[in-house]
Amino acid sequence: MINKYLEEYTPSYTLAFYRIGFGALMCYSIIRFWYKGWIEELYIKPEFHFSYYGFEWAKPIGEYTYLIFLLCFIASFFVMIGFKYRASIFLFFLSFTYIELMDKTTYLNHYYFISILSFLLIFLPANATFSIDNILNNKKFRNIPKWNVDALKLIITIVYLYAGIAKMNSDWLFEAMPLKIWLQSKYDLPLIGGNLLQMSWVHFAMSWGGMLYDISIPFLLIINRTRIIAFLLVIFFHVFTLILFPIGMFPHIMIFSSMVFFSSDFHKKIINKLKDLLMKIGIKKKSNKTKIVELYKTPRSKLSLTLVTSFFIIQALLPFRYQMYPGELFWHEQGYRFSWRVMLIEKIGYTNFKIKNPKTGTSFMVDSSEFLTPFQLKQMSFQPDFILEFAHYLGKKYSTKNNSVEVYADSFVALNGRPSKRFIDPDTNLYKEKESFRNKTWILPLEDEIKGI
Amino acid sequence: MKKFLLSIIMVFGIISSCNDTDEVIVGPTFDRSILLNNWFNNHINPSLNNFSNELSQLKSDFTSAKNNGIDIVSLEKLRNSYKSTYKAWQYVEMFNIGKAEEIYYTATVNIYPVNTTRVESNISSGDYNLNNPNNYPAQGLPTIDYILFGIGSTDTEILEKLKDEGKYMNYLSSIIEEMSSNTSKVVTDWETYKAEFLSSTDNTATSAVNMMVNDFIFYYEKGFRANKFGIPAGVFSSAPIPENVEAYYSGYSKDLSIEAMGAIKDLFIGRHPFNGTVYSGSSLKSILLDLDSNEGQNNLANKIESKIDVAINKINSLEENYYNQIQNDNNKFLQTYDAIQEVVVLLKVDMLQLLSINVDYVDADGD
């Protein structure tokens, strides 16, 4: 049965459509990021950067960081036009992922989504038709294996489904938290801010609606009869979040991505319109010289399939790794990232560090704002891995050759409307603790349970 | 599929119908414009006027001392009006907003410790620019503190120096003048800024409510907690630095911090700082009382107020001069600091969360 499935084909327009849109959105994303001065603000100005465990080597490279963004932009552009597609999408994946690895302060689920999506796209023949590569190689393909398109649909399904499952927790469903906090703060929004967004039933309706939307939308998109409604829902949902939250490019990317579920006739229509447009402005000339190949054969197809399958197995399992850590996930955040847990927690922290000289017994508090930007300070204050990394930075800074100082955290955090609680064991010398995947025993328990998956 | 859609609609129906009956608005519905009006009419405006009046008194006492020749009587008079002015300042420092922020008002009035080397070199050269940020610690109230109390070890010595060629008197004259002119800039600007301030009720980083709350917390943490207690107690250094207390030379540190804590409490609970009446309408306390569903002592508003009171009691039990307190029993001083610190957590974490104040640290995307 699997073999039979692998031999099914689908028109190549769908992937070409996706390639063009993805490339264009990425070009726009990078220009926007650059234009807003965020490269400077987030990567060049700060003197210290928070790294992912194992990726401490990935740091901004001063003014040259702009070159990485430039590279990423060029790669996006080449992906869009389908020029040396494989190399370009590979370069895009590398440069974009490097940018994300430079500082985890900026971690966003949708950046992670773009990273893994571009990884997947390396294996998909998105340049099979309507690409510069067709002209260069003098051939194009009418059909591509169906699993190529299904792989895209699957990754989008995983994102929605897991986001929906993550919302099935008692804070989200029975306290309407944190939506309640966020919606209430939008009192200055015209029309709905002062009344609707302040009402309790609206918070609950939006919490439940959001959960049901996430778990059902991939299936509503797959089924022919519900697809139109589903797409309207997608637009409504994402435009709504766009208005309410500073969510950047994510709504645009998701609205666009959901179009991959449409029939290939739709993609063909769009591409033909684009062709007409290009011909009208004289960029494209009608040529019949290009050889048309009916079926695209995946080169080294076994390897590709193995890699793509492993990729999906990892994607399916990674969000559940939190099960290996005791205690409340939303509180200790061990295994929280890379799992489509979107907008689930409202956390404020207040964390200060005490440097103790064990030889003299004297100690002093550090003014962390001397080393961190306000944004880094905010993120550091409620995430244990940030706290540990910064404690090590301070420990190194204040230790001398023959006297290693001790670093203690004085840390308080409030989660989803609960009163603040001490977060880190104040008697643990964090400079002695090492980062690892093991449970961090120096995180104090929440002493409250958030039920759910 | 139809069944599925139907069940979605039903769930929505159930949720909305069981909550429909009491369509109470539960959000932070506090009227921000009332809050801003209260802050302006009961705190900002009277505090600035009060400070400005005390400063005028100081100025006129100084002028008459200067014109009639300074002696021990006029020195004492000057010292008294200096003390009243410094006390009045404690109600103003937290409002670092608008013109005050623009002209670094608080930095020019109250950066301590005073840079005495700089003061002396300014005085002997007679050539200085008070607008130069390097001269911020060589002007304002801490410099007056130094000149009226610290330039000699006895009053006789101080008087001699003050009389000597009038150099010190001239310097006093120009820093008092600078404070007056900065103060009137701030006061005048409020006349026009007022309208913009009172109508700025939205939830952005630059709106008045958000700026005021952030300034208030910043002042409590830095201007009050760290400057008056933490730094001299040695919290941020490996040893105490008692000479960094506020008003080191006159030794008025306790009086000043009591005034400051009073001003903080007044703003929080909604009490006019000078006539003592608890006004009606919004204050941070009344808003938190409403917002927090917990009752009694578990309500955040009451928690904060009682922790403020604990801190006030600790402050009251300290010696008049914090320099002596730190030298004699720094532990007691550190315990006071800890009590003050406990309030910071509640303000910065719990209160900000409940108020849904957007603290936009950086203009970046979220998800």
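Cut-off values and rules
Residues numbered from 1 in each chain as written. Chains lettered and ligands numbered in written order. Predicted model: local features only at pLDDT ≥ 70, side-chain atom pairs only at ≥ 80, totals over all residues. Helix = DSSP H or I, 4+ residues; strand = E, 2+ residues; numbered from the N terminus. Rg over C-alpha atoms; globule rule 2.2 N^0.38 Å. Axes fitted to C-alpha atoms, helices over the stretch in contact; angles between N-to-C directions. Parallel < 35°, antiparallel > 145°, perpendicular 65-115°, else oblique. Left-handed = near helix turned anticlockwise from the far one by under 90°. Contact = placed C-beta atoms within 7 Å. Nonpolar A, V, L, I, M, F, W, Y, C, P; charged D, E, K, R; others polar. Buried ≥ 20, exposed ≤ 12 C-beta atoms within 10 Å, placed from the backbone. Domains from an automatic or database assignment. Pairing = 2+ DSSP bridges. Core = buried A, V, L, I, M, F, W, Y, C linked by C-beta atoms within 7 Å.

We now examine the overall build of chain A. The helix and strand inventory of chain A stands at 18 helices and 7 strands. The C-alpha radius of gyration computed for chain A amounts to 25 Å, which stays within 12% of the reference 22 Å derived for 453 residues, consistent with globular compactness. Across its three principal directions, the C-alpha atoms of chain A cover 85 × 55 × 45 Å.

Moving on: the packing of helix α5 (residues 85-102) of chain A against helix α6 (residues 109-122) of chain A. Residue and element names in this part refer to chain A. Where α5 contacts α6, the axes come no closer than 9 Å and their chain directions differ by 155°. Between α5 and α6, the angle is such that the two are roughly antiparallel. Note on packing geometry: the crossing formed by α5 with α6 is left-handed. Across the interface between the two elements, Arg86, Ile89, Phe90, Phe92, Phe93, Phe96, Thr97 and Glu100 from α5 touch Tyr111, Ile114, Ser115, Ser118, Phe119, Leu121 and Ile122 from α6. The residue makeup of the contact of α5 with α6, split by class, is 10 nonpolar, 3 polar and 2 charged.

Turning our attention to the environment of A:Tyr325. Residues and elements named next belong to chain A. Take tyrosine 325: it is sitting in the loop between α15 (301-317) and α16 (329-332). Given 18 C-beta atoms within a 10 Å radius, tyrosine 325 is considered partly exposed. Sequence separation between tyrosine 325 and phenylalanine 17 is 308 residues; the distance between their C-alpha atoms is 42 Å. Aside from chain neighbours lying at most four places away, what touches tyrosine 325 is His332, Gln334, Gly335 and Asn439.

Our focus in this paragraph is the domain arrangement of chain A. Residues and elements named next belong to chain A. Split into domains, chain A comes out as domain 1 (1-147 + 158-166 + 263-345), domain 2 (170-261) and domain 3 (348-453). Measuring from the centre of the C-alpha atoms in domain 1 to the corresponding centre in domain 3 gives 36 Å. Listed as interface residues are 19 residues of domain 1 and, on the opposing side, 22 residues of domain 3. The element best represented in the side of domain 1 that touches domain 3 is α16, accounting for 3 residues. Looking at side-chain class alone, the side of domain 1 that touches domain 3 contains 10 nonpolar, 5 polar and 4 charged residues.

Right, let's talk about the packing of helix α2 (residues 13-35) of chain A against helix α14 (residues 264-280) of chain A for a bit. Residue and element names in this part refer to chain A. Contact geometry for α2 and α14: axes closest at 8 Å, N-to-C directions at 55°. One finds that α2 runs oblique with respect to α14. Where α2 crosses over α14, the handedness of that crossing is left-handed. When α2 is examined against α14, the residues Tyr13, Thr14, Ala16 and Phe17 are found in contact with a partner set consisting of Ser264, His267, Lys268, Ile270 and Ile271.

Attention shifts here to the pairing of strand β6 (residues 406-415) of chain A. Look at any regular strand and the pattern is simple: side chains alternate between the two faces of the sheet. Residues and elements named next belong to chain A. The buried fraction of β6 is high, at 8 of 10 residues. Pairing geometry for strand β4 (residues 347-356) and β6, over 10 bridges, is antiparallel. Across the sheet, the residue bridging to phenylalanine 353 is alanine 409, located in β6. Here β6 pairs with strand β7 (residues 421-422) via 2 bridges, running antiparallel. Looking at the pairing, valine 413 lines up with lysine 421 of β7.

The next subject is the environment of A:Thr106. Relative to the helices and strands, A:Thr106 is located in the loop between α5 and α6. As a C-alpha pair, A:Thr106 and A:Ser76 span 30 residues in sequence and 21 Å in three-dimensional space.

Our focus in this paragraph is the sheet that holds β4(A). Judged by pairing direction, the sheet is antiparallel, and its 4 strands sit side by side in the order β5-β4-β6-β7 (chain A) without closing on themselves. Edge positions in the open sheet fall to β5 (363-365) and β7 of chain A, since each of these has one partner strand only. Against the sheet, helix α18 (residues 384-398) of chain A contacts β4 and β6 of chain A, and its axis sits at roughly 155° relative to β6(A). Sheet contacts for helix α14 (residues 322-355) of chain B: β4 and β6 of chain A; angle to β4(A), the most-contacted strand, approximately 165°.

To continue, consider the sheet that holds strand β1 (residues 9-11) of chain A. All names here are of chain A. The strand order β1-β2-β3 describes an open sheet built from 3 strands, whose pairing is mixed. A single partner strand is all that each edge strand has here, and the edge strands are β1 and β3 (291-295). Shown here is a sheet whose adjacent strand axes are inclined to one another by a mean of 30°, direction ignored. Looking at chain direction, strand β2 (residues 139-145) and β3 are connected through 4 bridges and run parallel. The partner of lysine 140 across the bridge, within β3, is isoleucine 292. Set on the sheet, helix α8 (residues 146-166) makes contact with β1 and β2; between it and β2 the angle comes to about 65°.

Turning our eyes to something else, we now look at the pairing of β2(A). The sheet contact formed by β1(A) and β2(A) spans 3 bridges and is antiparallel. Among the inter-strand pairings, A:Pro11 is bridged to a residue of β2(A), identified as A:Asn143.

Moving on, we come to unusual backbone geometry. Note that the residue after A:Met177, namely A:Pro178, is joined by a cis bond; omega there is 0°. Structurally, A:Pro178 can be placed in the loop between α9 (170-174) and α10 (179-184). Cis geometry marks the peptide bond from B:Tyr112 to B:Pro113; its omega dihedral reads 5°. With respect to the helices and strands, the residue B:Pro113 is situated in the loop between α5 (105-109) and α6 (116-125). Backbone geometry at A:Lys84 places phi at a positive 45°, although glycine is not the residue there. In this fold, A:Lys84 is placed in the loop between α4 (65-81) and α5. Residue classification places A:Lys84 among the partly exposed residues on the basis of 18 C-beta atoms within 10 Å. Positive phi, normally seen in glycine, also occurs at A:Ala176, with a value near 55°. Within the element layout of this structure, A:Ala176 appears in the loop between α9 and α10. Classification of A:Ala176 by C-beta neighbours within 10 Å gives buried; the count is 23.

So, about the nonpolar core. Formed by 203 residues in total, the largest nonpolar core has its most connected members in A:Ala391, A:Val407, B:Ile304 and B:Met351. The greatest single-element share of this core, amounting to 14 residues, is contributed by α14(B). Beyond its immediate stretch of four places on either side in the chain, B:Ile304 contacts B:Phe268, B:Val343, B:Leu346, B:Leu347 and B:Met351.

Bringing the environment of A:Ala230 into the picture now. Residues and elements named next belong to chain A. Tracing the backbone shows alanine 230 in helix α12 (residues 227-244). Classification of alanine 230 as buried rests on a count of 21 C-beta atoms within 10 Å. As for alanine 230 and proline 319, which are separated by 89 residues in sequence, their C-alpha atoms are 26 Å apart. If we skip the residues at most four places from it in the chain, alanine 230 touches Ile217, Leu220 and Leu221.

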